[in-house]
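Observations on the model geometry
Below, each chain spelled out in residue letters.
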Amino acid sequence: MEVIPLGVWGGYPKANSATSSFLVKENGFNLLIDCGSGVLASLQNYVSIQELDAVIITHYHHDHIADVGALYYAKLIQNQLSNETKTLPIYAHTKDSQFRAMQYEGHMEAKDLEEASKIGPFTISTTPTVHPVYCLALRLEVNGKSVVFTADTGWTERFISFAQKTDLLVSEANLYQQYEGKIAGHMSGRQAGMLAEKAKIKQLILTHLPHFGDVQDILEEAQKEYTGDAQIAKVGSMYTI
Ligand SMILES: [Zn+2]
């Protein structure tokens, strides 16, 4: 399994970049996790639109869905050009009326993420996060290997069992430590490191980064808590599990 960061920013993308999003590849199956601003441009460095096999949306904040509309048109145009309708399944939760907007005239089929136990080769489990809107963390498993995406979340003890012994934890780290408890629904680098250490995971990468300060400080906060391999998620890198 390969995990490729397509963007790492929270809220909106920096110049020539994208908001937090990941492509997960396994044996020819291409799964996109979240589709915020800039993601469609970044995605096509790795796969074509028609090579995409499924999409997961963790929640309906703009920085996770902004490019879904562009993806509709990409599917429409590519289906017309190739003269075949290849429908793209898009998995999201149904606890918001926005779920229906994920559906697009046969080009994209909205599916209930919480009802899905398998997407392509991946066994999927989800758990609700701590966020101002309903949001799901993800655990993907294949061939005895796993990756956990926290999605957007504040600290919760529940994640320690959910992320237990995963090979790769992709954790949000939107806050510097001094903002813990002051901004709801996000974790600091320190808390991401604490989660990684308590869950005994193998490798930690940090994403959903803030637009101010030096994000290296967030990594250093994580490294004070977590003794394993921790990095800021790097677009252009490929994390092989
Ligand atoms: Zn959010």
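Residues numbered from 1 in each chain as written. Predicted model: local features only at pLDDT ≥ 70, side-chain atom pairs only at ≥ 80, totals over all residues. Heavy atoms only, no water.

The protein has the name MBL fold metallo-hydrolase in an unreviewed UniProt entry, where Gracilibacillus pellucidus is given as its organism.

Focus on the overall build of the protein
Note the following rule: Every helix listed is a DSSP run of H or I at least four residues long, and every strand listed is a run of E at least two residues long, numbered separately from the N terminus. Throughout, radius of gyration means the C-alpha value; the globule benchmark is 2.2 Å times the number of residues raised to the power 0.38. Only protein chains enter the calculation, and the probe is 1.4 Å; a residue is then buried if its accessible area is under 20% of its type maximum, exposed if over 50%, and partly exposed in between. A contact between two residues is defined here by any heavy atoms of the two lying within 4.5 Å. A 1.4 Å probe and the Shrake-Rupley method give the accessible areas. Residues count as covered only by the protein chains that appear here. Under the convention used here, Asp and Glu are negative, Lys and Arg are positive, and both His and the chain ends fall outside the count. Where a charge lies is defined by one atom per residue type, namely NZ (Lys), CZ (Arg), CG (Asp) and CD (Glu).
Scanning the protein from N- to C-terminus turns up 6 helices and 14 strands. Rg of the C-alpha trace for the protein: 17 Å, near the compact-globule value of 18 Å for 241 residues, within the 12% margin. Taken over the C-alpha atoms alone, the protein extends approximately 55 × 35 × 35 Å along its principal axes. The 241 residues of the protein split such that 56% are buried. The long-range share in the protein, meaning contacts at least 24 apart out of those at least 6 apart in sequence, stands at 56%. Summed over its atoms, the accessible surface of the protein is roughly 10,200 Å², and 48% of this surface lies on carbon and sulfur atoms. Averaging the positions of the 19 positive and the 27 negative side-chain charges in the protein gives two centres separated by 4 Å.

Some remarks on the pattern of salt bridges
Formally: Take a side-chain nitrogen of Lys or Arg and a carboxyl oxygen of Asp or Glu: if they are within 4 Å of each other, that pair is a salt bridge.
Per the counting criterion, the structure on display carries 4 salt bridges. Residues Glu141 and Arg139 are paired through a salt bridge, measuring 2.7 Å at the closest nitrogen-oxygen approach. In this structure Arg139 comes out as buried when scored by relative accessible area, which is 12%. For Arg190, the salt bridge is made with Glu180, and the minimal N-O distance between the two is 2.9 Å. Of this pair, Arg190 sits in helix α5 (residues 189-198) while Glu180 sits in the loop between β11 (168-172) and α5, and the two are 10 residues apart along the sequence. The exposure class assigned to Glu180 is partly exposed, which follows from its relative accessible area of 21%.

Details of the state of the cysteines
Put simply, the rule reads: Disulfide assignment relies on a single distance test, namely cysteine sulfur atoms paired within 2.5 Å.
Applying the stated criterion across every chain yields a total of 0 disulfides. With no disulfide of its own, Cys135 lies closest to Cys35 among cysteine sulfurs, the gap being 15 Å. The buried category is assigned to Cys135, whose relative accessible area is 0%.

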